[in-house]
Structure formats: structure tokens, C-alpha cells
Amino acid sequence: MFMSMSGGLWPRREDQPIPSSGLPSEQTAPAERFKFLVCVDGSPQSRAALRFAALRARNTGGLLALLHVCEPVDCHGWMRVAETMEAEQREEAESLLQDLAGEVWALTGLIAELHFRRGGIGSEILEAIREDGDIHALVVGAAAATACKGKLISWLAGELAGSLDIPLVIVPGNLTARQIDRLA
């Protein structure tokens, strides 16, 4: 068992049900399983990325980690206000991550790792990848062409430009569930 962010107990990954079509070969050690890191914020595009990554993880016998990053609260001279706002952000993030983990479980039977970080979104993603060491692909959702470009996609395209040592998978947020299911 391991502790979730909110302190509840979750079964270990080894105890989770994996559909027979998604079992890794008997020769594959658990540490060798492909892990997808999905950046989530509850938006339609992050939900599309989550669906794709969850189905890919299930279909390949892999693992899934969800990451939510909150920007630091900046209230100069109002430390108490900043602390309250950060506590509220964390509660909302934990609730979001728990809800998304429930959706992953209902869709795939997988138990997702849940990660919350505070800081600049791009630097926190890179730090999470570096610290984990077992992440094999970063999956993000892109807003539809009619929507404004998201901060994350802009940062990834502008700043990373080949510096990641893992694949970056960008899932268009306007794909239907059926289209994502066929791709995954």
C-alpha cells in the first residue's frame, strides 16, 4: 500500500487489476513497464490527453502518473492571504487528481500515481521527470485551433525544443472519445 496525497491508502500497483489484453509479458519486470506522465488541469484538452495515456498504459501493460502544477501565489506583504490561497489551491488540486484517478480506474482499471507540485509549470514538469526516473513519455493536451494556445504547449514548444530525453505526446483536445480510443 502507499499513501495518496490526501492521506488515504491505495493498493499497490502490483495489486491492481489489469485487463488480460494489457498484461505485460512474463519476462517484463515491473520496473521495466512504460510509464506515461500526464499533465492535468481539468480542461477538455487535459482530459483528452488523460484518456489517451490511460488507454495506452492499459493496452501496453504500462503505468500512469498524473501531475498537476499550481503556480505560486504572489501576495506581497500578505503572507497569511497567500498561505490561505495556496491551501485552497492544494485542496482543489487534490480533489481534481482524485476525481481524475477515479475516471482512470473506471475506464481502465489502472491506479494512477498522483503528483502535485507548486512552481513554474515547465520547470516543475522537468523536475518531476528528472526526480522520478521511470517516466518514459510526457503526454499533454493541446487546445483546439479556435482556442488560445495554452501556457504549457507554448512553453514546451518554445523552451524544450528537443531537450527532453523522452517522447512528448501532444493530444489534440478536440478529438472525440471514439477517436482517442482508436488511437490508443
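Look up a bit, the structure's there.
Rules used in this analysis
Residues numbered from 1 in each chain as written. Predicted model: local features only at pLDDT ≥ 70, side-chain atom pairs only at ≥ 80, totals over all residues. Heavy atoms only, no water. Buried < 20%, exposed > 50% of the residue type's maximum accessible area, 1.4 Å probe, protein only. Helix = DSSP H or I, 4+ residues; strand = E, 2+ residues; numbered from the N terminus. Pairing = 2+ DSSP bridges. Salt bridge = Lys/Arg side-chain N within 4 Å of Asp/Glu carboxyl O. Polar contact = N/O pair within 3.5 Å; in protein donor to acceptor, adjacent residues only side chain to side chain.

Chemist: Account for the pairing of strand β6 (residues 135-142), naming residues and giving values.
Modeler: Across the eight residues of β6, seven count as buried, placing the element largely inside the fold. By the bridge criterion, four bridges tie strand β3 (residues 35-39) to β6 in an arrangement that is parallel. Counterpart to F36 in the pairing with β6 is A137. Note: β6 against strand β7 (residues 168-172), five bridges, orientation parallel.

Chemist: Describe the pattern of salt bridges, naming the residues involved and giving the relevant values.
Modeler: By the definition in use, this model includes eight salt bridges. A salt bridge links K35 to D132, with the shortest nitrogen-to-oxygen separation between them at 2.8 Å. Here D132 lies in helix α3 (residues 121-132) and K35 lies in strand β3, a separation of 97 residues in the sequence. A salt bridge links E131 to R117; its shortest N-O distance comes to 3.1 Å.

Chemist: Kindly report on the side chain of R33, identifying the contributing residues and their values.
Modeler: Within the secondary structure, R33 is located in the loop between β2 (9-10) and β3. Note on R33: relative accessible area 11%, which makes it buried. Among the polar contacts made by the side chain of R33, one reaches the main-chain carbonyl oxygen of G61 at a distance of 2.7 Å.

Geometry only, nothing functional implied.
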